[in-house]
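Here's the letter readout for the chains.
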Amino acid sequence: MADNGFEPIIITYCCYWCSYTGADLAGTSRLQYPHNIRIIRVQCSGMVHPNLVIDALTNGADGVLMCGCHEGDCHYREGNLRAKARADAISLMLEDFNLEPERYRLEWVSASEGPRFAQVVTEMVEQVKKVGPSPYK
Ligand code: FES
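Okay, so let's go over this structure. Quick caveat: nothing in here was measured; it's all calculated off a predicted structure.

Before going further, it helps to spend a moment on a nonpolar patch on the surface. Taken together, Tyr-16, Trp-17, Met-47 and Tyr-76 make up a surface patch of nonpolar side chains, about 390 Å² in accessible area. Within the secondary structure layout, Met-47 lies in the loop between β2 (37–42) and α2 (50–57). For Met-47, a relative accessible area of 47% gives the class partly exposed.

Here it is in structure tokens:
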């Protein structure tokens, strides 16, 4: 379902050690990306429980983007691998809640990847625009 003029709200979790710095770099480099994201800084992507993703999507967010360190770079050793395993659980939960899989995305963004952060955000906003507002709005 496409909605003309629809501007999604995307909750974006960024781990402190890599992705948040990558997001900051995108900002300080003045890279253009859509304004639809609301960044929440967390210590590690592995610390975000799937319930938080579902809570966001059933309470006003249209999508959730999870950004963590690249594999092998997590400052808590295997936190991002936990986030990766949780992504499978999250996709099953999305089904249970009748939410499209496009509403959740997990990406690795390092501290030096400001352009990648901007690109991932742009793609996420586009993919959520295509599925339309969360039915829970
Ligand atoms: Fe970045 Fe764990 S510290 S994903």
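The next point concerns the sheet that holds strand β3 (residues 63–68). Hydrogen bonding along the main chain pairs the strands of a sheet, whether they run parallel or antiparallel. Ordered in space as β2-β1-β3-β4, the 4 strands form an open sheet in which the pairing is parallel. Only two strands of the sheet have a single partner each, and these edge strands are β2 and β4 (104–108). Strand after strand, the sheet turns through a mean of 20° between neighbouring axes, direction not considered. Pairing analysis gives 5 bridges linking strand β1 (residues 10–15) to β3, with the strands arranged parallel. Opposite Tyr-13, over in β3, you have Met-66 as the bridge partner. Helix-sheet contacts for α2 involve β1, β3 and β4, and the interaxial angle to β3 is about 145°.

So, how was this worked out
Residues numbered from 1 in each chain as written. Predicted model: local features only at pLDDT ≥ 70, side-chain atom pairs only at ≥ 80, totals over all residues. Heavy atoms only, no water. Patch = residues over 30% accessible without salt bridge, like charges linked within 9 Å, V, L, I, M, F, W, Y side chains within 5 Å. Areas by Shrake-Rupley, 256 points an atom, 1.4 Å probe, with all protein chains shown as cover. Salt bridge = Lys/Arg side-chain N within 4 Å of Asp/Glu carboxyl O. Helix = DSSP H or I, 4+ residues; strand = E, 2+ residues; numbered from the N terminus. Buried < 20%, exposed > 50% of the residue type's maximum accessible area, 1.4 Å probe, protein only. Pairing = 2+ DSSP bridges. Axes fitted to C-alpha atoms, helices over the stretch in contact; angles between N-to-C directions. Contact = heavy atoms within 4.5 Å.

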